[in-house]
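In case you want the letters, here they are:
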Amino acid sequence: IPIIFLTAITDEDALVKCIESGGDDFLTKPYNRTILQAKIAAMERIRLLNHTVAVQNRELAEYHKYIEHEQEVAEKIFSKLMQQGETDLPMINSFRESAATFNGDIFLVSRQPSGVIYLMVGDFTGHGLAAALGALPATQIFYAMCNKGFSIEEIIVEINTRLKNLLPTGIFLAASLLQLDPNTARASIWHGGLPDLIKISGEDQ
């Protein structure tokens, strides 16, 4: 509740104490009724503004809590979709640390019964949900085509075609796709848009 002091005191220090003790304004006697009404109207505008801000803050807090819950649910679903392949191969180690809950980072591994291993490392432009959405179709295509034994060239062409049709201009995937065949000790690599891969031979480790 706004407080306006009506006082016969004209001492400046005393008037300052009126404000410091919790008052919002003051008028010295004899006071002008028009000025008093104007001050009351100004205080009412301030009260309404504070009320509006308080209501909006509560609404924002509730909306933020809702968004956090939605993101937690979506992140769990997204994580499960991204982890459909092999995650416990002893010869493959990975470390990932993202700046946001949703991101466009991709690390996919698939192994065929024959022992052939497919590995895809990728990064979509941008951050957040927009970048993460592009990772879903790329992930589904990767696992589906790896399970059927397609070559990495065929997988890349299919992923590129699908993303070109789905994504808006400015969002794209930089990626590297590897096909490792332990039976023949050969590796095939497709590389596009990422920094150079580093190969460390057994003698260099």
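Look up a bit, the structure's there.
Residues numbered from 1 in each chain as written. Predicted model: local features only at pLDDT ≥ 70, side-chain atom pairs only at ≥ 80, totals over all residues. Heavy atoms only, no water.

Colleague: Give me the lowdown on helix α1 (residues 12-20), citing residues and values where you can.
Modeller: Among the residues making up α1, those that are buried are Ala14, Leu15 and Cys18. Looking straight down α1, one finds its buried side chains confined to an arc of 100 degrees; they lie on one side. Facing away from the buried side of α1, by more than 90 degrees, are the exposed residues Glu12, Asp13, Lys17 and Glu20. Each element contacted by the buried residues of α1 is listed here: β1 (4-7) and β2 (25-28). Of the residues flanking the start of α1, the one acting as N-cap is aspartate 11, its side-chain oxygen 3.3 Å from the backbone nitrogen of aspartate 13. Following α1 by one or two positions, glycine 22 has its phi on the positive side, about 125 degrees. (Buried < 20%, exposed > 50% of the residue type's maximum accessible area, 1.4 Å probe, protein only. Helix = DSSP H or I, 4+ residues; strand = E, 2+ residues; numbered from the N terminus. Arc of directions from axis to C-beta. Contact = heavy atoms within 4.5 Å. Polar contact = N/O pair within 3.5 Å; in protein donor to acceptor, adjacent residues only side chain to side chain.)

Colleague: Got a sec to walk through the side chain of aspartate 25? Specific residues and values, please.
Modeller: Looking at the element boundaries, aspartate 25 is found in strand β2. Judged by relative accessible area, aspartate 25 falls into the buried class, the value being 19%. There is a polar contact of 2.8 Å between the side chain of aspartate 25 and the side chain of lysine 39.

Colleague: Can you lay out the nonpolar core for me, pointing to particular residues and giving the numbers?
Modeller: Counting residues in each nonpolar core, the largest one holds 22 residues, and the members touching the most others are Met120, Phe124, Phe142 and Ile155. When contributions to this core are tallied by element, the ones reaching two or more residues are β3 (105-111), β4 (117-124), α3 (128-147), α4 (152-166) and β5 (173-181). Among the elements that take part in this core, α3 stands out by supplying 8 residues, more than any other. The residues touching phenylalanine 142, leaving out its near neighbours within four places in the chain, are Leu108, Val109, Ser110, Tyr118, Leu119, Met120, Ile155 and Leu177. Core analysis: the next-biggest nonpolar cluster, separate from the first, contains 7 residues, Leu89, Ile92, Phe107 and Leu178 among them. (Core = buried A, V, L, I, M, F, W, Y, C linked by side-chain atoms within 4.5 Å.)

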